[in-house]
Structures are given as C-alpha cells and as structure tokens.
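In case you want the letters, here they are:
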Amino acid sequence: MKYVEEYRDPHLACDLIHRIAAMGAPPMRVMEVCGTHTVSIFRSGIRSLLPSTLSLISGPGCPVCVTDQREIDAAIALAGLDNVILTTFGDLMRVPGTISSLQKKQAAGSDIRIVYSTSDALDIARRHPDRQVVFLGVGFETTIPTVAASVLTATEAGISNFFVYCAHKCMPPALDTLMADPETGIDGFLLPGHVSAIIGTEAYLPFFEKYRIPCVVAGFEPVDILQAVLRLSEMIQAEAPQLENAYPRAVRSEGNPAALKIIREVFEPCDAIWRGIGRIPGSGFRFREKYRRYDAEGHFQINVPAAVMPRGCACGDILTGKKLPSDCPLYKTRCTPVNPVGPCMVSSEGTCAAYFKYSG
Amino acid sequence: MVKKDQILMDHGGGGKLSNDLIAEMMLPAFDNPVLSHLEDGAMLEIGGSRLAFSTDTYVVDPVFFPGGNIGDLAVNGTVNDLAMCGAAPLYLSVGLILEAGFARSDLQEIITAMARAAKLAGVKIVTGDTKVVPKGAADKIFINTSGIGLIQNGVRISAANARPGDHILISGTLADHGMAILSKREGLAFDTPIKSDTAPLNHLTARMLTACRDIHCFRDPTRGGVATSLNEIARMSGVGVRIFEDRLPVRPPVAGLCELLGFDPLYVANEGKLLAFVPPDHSEAVLSVMRQDPLGADACIIGEAVASHPDRVVMETVIGGERIVDMLTGEQLPRIC
C-alpha cells in the first residue's frame, strides 16, 4: 500500500458520497479545525459533491490566521533590530501588520529569511555566530515538537545566538471556546489529523465528555474525509455522539509520546490571544524557566505599536464559523490574495484564500 | 493594504503581481501593438519573412541542480520561448553578469553546458556580453539570453487562438524541474533522484507542426506551472478550460515530495514540457508523432477548451468533483502544520 492512491479511489469516494446523500439527514453544520483539511476539502472537489444540507465549516485551524495582530507586529519589530536575522515560515511574509509586513520589511533591507523548519533556523545561527537569529514560531502541536527539539539541540551544542518568538497555540482549548459560544451552532467536529498524531485521541476526552458532541479524527485524502463525514452524519442523525479515530494509520490514542515528552520538557501552557477570538486560557505555550533564555520576547527590547484591527475585516467571525468569506464586505473587493487585508486571505490555508482560489 | 511603492519578490514570481506590473508599467511605457500581445515571444514581419524574437533572464539559485545548471536553462529557455511561437530557433545572444569571486571552474562548467545545449537545439550563439560586479551586487551569476527564429508559412500560433473543442495536450510529466530545485535547495535526498527536465523543445514542436500545421497554441509551463499557463490562454482566448486530474502525468517521486510539502504539481515550474491546444480531429495524429520523440514519450491529452465558463480553468478531480484552478498569486509555499 502506498497510502495515497488507495485513499483517492474514485469508486470508494463515490460510494461514500452516495451513502452520505442517501441518509437524507436534516441540515447539519460540521466544522473542521485544520488548515490542511480546509485546503484538502476544496482541492479534492468534495465541496461540489456533498448534499447542500451538509455545511462543512472552516474553523480556526489555520495557524497563520489565528496569529494575533500584536504577534505579527512584534515579529516585524524584531526584524527591524540591528544584527537580527528573522527566520520565518513563508506564509507569514505577506500578513499585514498594523503598519507594515515582513515582506515589505525585507524589501526595505531587513534580514528576513524563509525557512522550512526550525532546524534551518538553527543552521543559520550556527553559520552566523556574530548575528542573533530569531525563529518566528507559529503552528499547532504538529510543529511544536520540532521547535522543542531545536531548542534542546541548541542547549546541547551551546548555541547562544538562537531565539524563538513563541506564538504557538494548541487546539483542544479552542474547541472548548467554540462550543461555549452559542452562536457557532456546530453539530459535529472533524478533528485535525496531524495535530492528533501528536496529541492522540485521548487529548480530546475532557472536551468530548463535557459537550458530548460527535467528533471524528480524520486524515486528508478524499476517502479519509468522506469516511469521517459519513460517520459524523450517522452520529448526528442517530443522536449518538462518539469520539472516533478514522485515521488509525497515523493516529493512536496516546499520540506520539516522544514528541509530547519534549514539548513538556521545553514548554509549559499559558493563555494566548487568538486573532478574532480573544484570550483562550491554556491555549498557548511559553518556555519553561530552564529554557527561558531562548525566549525572544524576554531577550529583546521591542516597541510594538498598539494593534489596530482593519475596519470591516470579518476574520474573527469567519474563523469561528459564524460567517462565510462571502459575508465579509471586504472579500474580493478590498481584500484579495494580491492585496490581503486580513491573514485569512494571505495564508495558503486561510479560509478566505481557499474560497477565493478554489471557488472563485 | 499592500502599498505599491516597492518592488517585492512576488513581482518576479510570474503570477498575478508580475502580470500587474507589466500591465501597469511596461505596457503603457513601451506601448506598441507587438508587445501588447504578450506572447512568449514577439512575432515580427520583416521583409516578407516572419520572425520570432524573445528574451529571458536567469537568476536561479542553486546554480547547479540535479539534471543541469543555469546555463542549460538559459539556452533551453529562450529556444523554447521561440518554439512556443511556432518558430524554428536560429540564433541566440548571451549576456552574463558575474559576481566578483565566482569560481572560474563553475563558470567553465556553465559555459560548457550552454555550448552543449545550443548544439542539441541546433542554434548558434552569435553575440554576447560579460560584466563583472562587486561581491554582493549579484548572486553568483545572472544570465540573459535573447533569440530569433523563423516562423513558417501557415503557422499561426498564439495564446489568443484557442477555440472551444480544442484538445489540450501535454508533452510529459509535471513538476520535475521545480521539485528538483527544491530538493537541492533543501538538501533532500531520495532513492530515485528528482532531476530537472530542462530540454530544447524545438525539434518536438517541428514534428508536431508537420502532423498539424493548424496547431492553435503552444505554451511551455515554466514559472507558475501548468495552472498559470492554462489560465493565461483561457483569458487571452476568451475560452473556458476543462482538465481532468486523473490524466495529469506526475512521476511518483515528484508526487511524493509534493505531498510531503503540501505543493500542488499544477503550480510547479517545468523547463522541458509544453502544452498544445490542437483541433480535436488532429489531436491523435499530433499525439502519435509526439510519442515518437524522446521528449514526448509520456505525452497525453489532459483536457479541452470549452465554450462554457470563459476565462476560467476548471478541473474534474480524481473523485469526480469539480474545482476551479486559479492562477498562482505569490510563491507556492510548503505547509506549516
């Protein structure tokens, strides 16, 4: 098995689509909370095949989109410091801050480099011992272990010019916030495959026990997603909620113990501000005392302007599934992929960018 | 809002921002009917002959990559731009900008590759220029090549010529070049190495034109990939394009790397492939001659031009769904999470 073609089999997919349609279930709203799911659902053409009674809503699953305005402004300020090399994932380059963006800062001469992983940033720190290298840490639990590993490597190797601006967030507390808001109106969750591979299905048990809402962990191929959607529809119709793992080839109930161990070694939970949602308790990460010397925010003195959210931008409501991109007055008028106003349009996994790109 | 007072990397990406810069600055300034066609090359009538004239500048990093180097790209790229006009390429110029400190042996290897590529394509490099700039003022080596070629009677190739009903042919597998560059840049090694597909396409186009003089469009899907080229043709011709995901040929290691990084092969650059819009009753004949050429062994029909949804490219997905295939906006980036 190659684990790709089989899960794109058109016959399997057709069969699942027919079974979903044949259920004749009442209107239901299912939310996914993973940028890769947002994109996969569009790219595979699933949206065009599901019955109109089934709404697949995109939630706050795009790590760039939920990065708070203040965090973007802080990254821009760090990039403006003398002797700093700011390293970042490419998606963050075009996100507009209050005054500027990383891309514009780079064009004006700041040393900002796109990296594909934290280990690239660590390599840059090794090659430039006279410069201070800051890695802009964005991403959910899938990415955090690699950051933790780089910090441990830096400690072992005695690398003292490497820092992390930690804007990482974790998903389960955000699910709680979504359910606590009566306006979101979610009937079931498609849970993120990559995040779950790290944290395991056990991590969702407290949330599931509290709200008793259908939850299925799903992979990213069309058959994975359709299988999960079918199970969610069945649970919703039968009013028999379960927490199920439909991605057992990658996700175990205990997750990835090695990854969890190094996350806990380096980081501890803290509150975090999610763009458009606000403060979510326990949803962020900060360095433990032992590793706090790597914390860019503590090490550098930066002036961050008071964050001003762009007027009319509906990213917050879109991220919580209350509005669709087409409900935002700026969508496709002032806000386009070429001229984005908010991060949902910039990031390749942003809801607005995905709608714009795949459905016009 | 992005202020338009600075040139950004995206302006060189070949997608929307690049096109906007051309439309807003270059076209109004240079303003002539030949340029406004915005084909891969300019098509000129001089003394009763039809000439194609094209230029391109190569700034790729890394300079050496699996399957070739910047010199191969510089020759093949301009040869191909001329071939995409339906021309037989004849002569090239070469302009070099070298960074002081660039290794002489590296330059020799690049020049040797250019000579070899020119010979393979059957073109002569007849004029050139070399400049050296201080260290830091250029990134190792930049190469500009310009070329001219002759267009035969009866050949009318243009991105504006696609007609509803045309079959869309591709000469081989997608995304080889872009993923070869990426794998080299990121130090990724595979059991089956991914190599650039850089190659001169003029012999292939000549064969195709003997099978069908009335081919409507040629395009080599370089920056921005197949998706961008199809969008350009759809817009310039005012037709819709419909392609089928299960017919897109992609080599397994390339597909694997795309999956790993979250890249869509439709948007990845190719350097030795072409798209052709061919009248439907000739497509089998054209396909047959393509498959006899070493550069067309994997040629296939991937879709058709349609009258519905003009200016739009729509793809039927592997599972029978539908989605729009838009133009590339900025650079394609790997998935974060």
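This one's a predicted model, so the numbers in the text were calculated from it and none came from an experiment.

K.L.:
What is the right way to look at the overall build of chain A in this model?
P.N.:
When its secondary structure is counted, chain A shows 15 helices and eleven strands. Over its C-alpha trace chain A gives a radius of gyration of 21 Å, about what one expects of a compact globule, namely 21 Å for 360 residues. The principal-axis extent of the C-alpha atoms belonging to chain A is close to 65 × 45 × 40 Å. Burial statistics for chain A: of 360 residues in total, 55% are counted as buried. In chain A, once contacts between residues fewer than 6 apart in sequence are set aside, the share between residues at least 24 apart is 78%.

K.L.:
Help me understand the packing of helix α1 (residues 10-22) of chain A against helix α10 (residues 222-238) of chain A in this model?
P.N.:
The axes of two packed helices give the description: the angle between them and the distance between them. Residue and element names in this part refer to chain A. Contact geometry of α1 with α10 gives a least axis separation of 9 Å together with a crossing angle of 20 degrees. The pairing of α1 with α10 is recorded here as roughly parallel in orientation. In this structure, the crossing between α1 and α10 has a hand that is left-handed. The segment α1 lies against α10, with L12, A13, L16, I17, R19 and I20 engaging P222, V223, L226, Q227, V229, L230 and S233. Taken together, the residues of the contact of α1 with α10 sort by class into ten nonpolar, two polar and one charged.

K.L.:
What is the right way to look at the domain arrangement of chain B in this model?
P.N.:
Many descriptions give the size of an interface as the accessible area lost when the pieces come together. As assigned here, chain B comprises domain 1 (6-38), domain 2 (40-151) and domain 3 (167-324). Put simply, the middle of domain 1 of chain B and the middle of domain 3 of chain B, counted by C-alpha atoms, are 24 Å apart.

K.L.:
It is not clear to me how helix α6 (residues 144-157) of chain A should be interpreted in this structure. Could you clarify?
P.N.:
Note: α-helices contain 3.6 residues per turn, so residues at a spacing of three or four share the same orientation. Residue and element names in this part refer to chain A. Relative to the 20 Å expected for 14 residues at 1.5 Å per residue, α6 spans 20 Å between its end C-alpha atoms, a close match to the ideal helical length. Close packing links the buried residues of α6 with α5 (118-127), β5 (132-137), β6 (162-166), α11 (257-266), β10 (267-274) and β11 (278-287). Positive phi appears at G158, one or two residues downstream of α6, with a value of about 65 degrees.

K.L.:
Would you mind going over helix α2 (residues 35-43) of chain A with me for this structure?
P.N.:
Residue and element names in this part refer to chain A. Among the nine residues that make up α2, nine are buried, leaving the element largely enclosed by the rest of the structure. Among all positions in α2, only G35, T36, H37, T38, V39, S40, I41, F42 and R43 are buried. At the exit of α2 stands G45, carrying a positive phi of roughly 85 degrees.

K.L.:
Can you walk me through the sheet that holds strand β9 (residues 217-219) of chain B in this structure?
P.N.:
Hydrogen bonds between backbone atoms are what pair the strands of a sheet, whose relative direction is either parallel or antiparallel. Residue and element names in this part refer to chain B. In spatial order, the strands read β9-β11-β8-β12-β10-β13-β14; together these seven strands make up an open sheet with mixed pairing. With one partner strand each, in any of the chains shown, β9 and β14 (322-324) form the two edges of the open sheet. Here the strands of the sheet are splayed against their neighbours by 25 degrees on average, with no regard to which way each runs. Of the pairings in the sheet, the one linking β9 to strand β11 (residues 275-278) comprises three bridges and is antiparallel in character. If you follow F218 over to β11, its bridge partner there is A276.

Parameters at a glance
- Residues numbered from 1 in each chain as written.
- Chains lettered and ligands numbered in written order.
- Predicted model: local features only at pLDDT ≥ 70, side-chain atom pairs only at ≥ 80, totals over all residues.
- Helix = DSSP H or I, 4+ residues; strand = E, 2+ residues; numbered from the N terminus.
- Rg over C-alpha atoms; globule rule 2.2 N^0.38 Å.
- Buried ≥ 20, exposed ≤ 12 C-beta atoms within 10 Å, placed from the backbone.
- Contact = placed C-beta atoms within 7 Å.
- Axes fitted to C-alpha atoms, helices over the stretch in contact; angles between N-to-C directions.
- Parallel < 35°, antiparallel > 145°, perpendicular 65-115°, else oblique.
- Left-handed = near helix turned anticlockwise from the far one by under 90°.
- Nonpolar A, V, L, I, M, F, W, Y, C, P; charged D, E, K, R; others polar.
- Domains from an automatic or database assignment.
- Expected span 1.5 Å × (residues − 1).
- Pairing = 2+ DSSP bridges.

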